[in-house]
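# Observations on the three-dimensional arrangement
These are the residues of each chain, in order.
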Amino acid sequence: MKIAVLGTGMVGQTLAAALVAKGHKVMIGTRDVAKSLATSEPNAFGMPAFGVWHKTNAAVSVGTFAEAANFGDMIVNASNGSTALQTLTQARLEKAGNKVLLDVSNDLDFAKGMPPKSGATDIAGTGLGERIQAAYPNLRVVKSLNTMNAFVMVNPAMVPGDSTVFMSGDDAEAKKLVHGLLSAFGWTDIMDLGGIATSRGVEMLLPLWLTIFGVLGQPAYNFKIVR
């Protein structure tokens, strides 16, 4: 399958490389291709600069957000959650037909450092996944993989035991497609929470996840629903 990954940060790099390893054709989308490929300094989280990373991941093609969205049969939003809607505007998703969009982002503002400010503060409000679906009713939005570290997203065996990944979306066929990707990454406990409105709950888990990170000092952990 041809998959577009929007975002060149840690999450975008990790997902793009893992999807290529699973046999998919991947284009990663960025605002400025030349600028992204020219980067050479690690980012604030110690990840290799995108330009350096791409030299060892040349199987991942690079395009603008709009080019990537046009390329992909499926689109993954791995952009910064606080600016995700602006990114998706640049991707011109109104022209994307009824493609599946897997949203793994969280509405987090790191402008003042750690811990970040979360935009998901009210369970009765509207989550980012819902806002994306409302902005692009032509797309079939599925929220998943937003409650864990990027490396755990694609390798759940990093966490001892059988932990849980959540999935929210209004379209059953879209969730079936995402379920297949999650299974390919090794996830076995995949919990379908229901429609896209349920995604606001999993977005609200991120402040707790970050708090636990501060206690453990390492990201190889996840939530488990015991039932």
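Predicted model only: the values in this text are computed from it and were never measured.

### Digging into the overall build of the chain
Helix and strand counts for the chain come out as ten helices and ten strands. In summary, the chain has a C-alpha radius of gyration of 16 Å against a globular reference of 17 Å for 227 residues, a match within 12%. In terms of overall dimensions, the chain has C-alpha extents of about 45 × 40 × 35 Å along its principal axes. By residue count, 49% of the 227 residues in the chain fall in the buried class. Nonlocal contacts in the chain, meaning residues at least 24 apart in sequence, comprise 73% of its contacts between residues at least 6 apart.

### A few points about the packing of aromatic side chains
Going through the model one piece at a time under the given rule, you end up with three aromatic pairs. For the ring pair Trp 209 and Tyr 221, a centre distance of 4.9 Å and an interplane angle of 25° mean the geometry is stacked. Separated by twelve residues along the polypeptide, Trp 209 in helix H10 (residues 205-216) and Tyr 221 in the segment after H10 bring together distant segments of the chain. Exposure class is identical for Trp 209 and Tyr 221. Each is buried.

### Quick look at the pairing of strand E2 (residues 25-30)
In terms of burial, E2 is a largely internal element, five of the six residues being buried. Where strand E1 (residues 2-6) meets E2, five bridges bridge the pair, whose relative direction is parallel. Bridging across to E2, Ile 3 finds its partner in Val 26. Bridge analysis of E2 against strand E3 (residues 61-64) gives four bridges, and the strand direction is parallel. Bridge pairing in E3 places Met 27 opposite Ser 61.

### With respect to the pattern of salt bridges
Where charged atoms of side chains with opposite charge meet at close range, the side chains can pair. As enumerated under the stated definition, the model contains nine salt bridges in all. Close ionic contact of Glu 130 with Arg 200 constitutes a salt bridge, the shortest N to O distance being 2.5 Å. Here Glu 130 is found in helix H6 (residues 128-135), whereas its partner Arg 200 is found in helix H9 (residues 199-203), with 70 residues between them in sequence. The class for Glu 130 is buried, based on a relative accessible area of 12%. The salt bridge involving Lys 143 is made with Glu 203; its shortest N-O contact spans 2.9 Å. Highlighted residues: Lys 143 in strand E8 (residues 140-144) and Glu 203 in helix H9, separated in sequence by 60 residues. Side by side, Lys 143 and Glu 203 carry an identical accessibility label, which is buried. Overlapping salt bridges, with partners in common, bring together Asp 162, Asp 189, Lys 224 and Arg 227 in one network.

### A look at the environment of Lys 2
In this fold, Lys 2 is placed in strand E1. Between the C-alpha atom of Lys 2 and that of Thr 89, which follows or precedes it by 87 residues, the distance is 21 Å.

Cut-off values and rules
- Residues numbered from 1 in each chain as written.
- Predicted model: local features only at pLDDT ≥ 70, side-chain atom pairs only at ≥ 80, totals over all residues.
- Heavy atoms only, no water.
- Helix = DSSP H or I, 4+ residues; strand = E, 2+ residues; numbered from the N terminus.
- Rg over C-alpha atoms; globule rule 2.2 N^0.38 Å.
- Buried < 20%, exposed > 50% of the residue type's maximum accessible area, 1.4 Å probe, protein only.
- Contact = heavy atoms within 4.5 Å.
- Phe/Tyr/Trp six-rings, centres within 6.5 Å; stacked < 30°, edge-to-face > 60°.
- Pairing = 2+ DSSP bridges.
- Salt bridge = Lys/Arg side-chain N within 4 Å of Asp/Glu carboxyl O.

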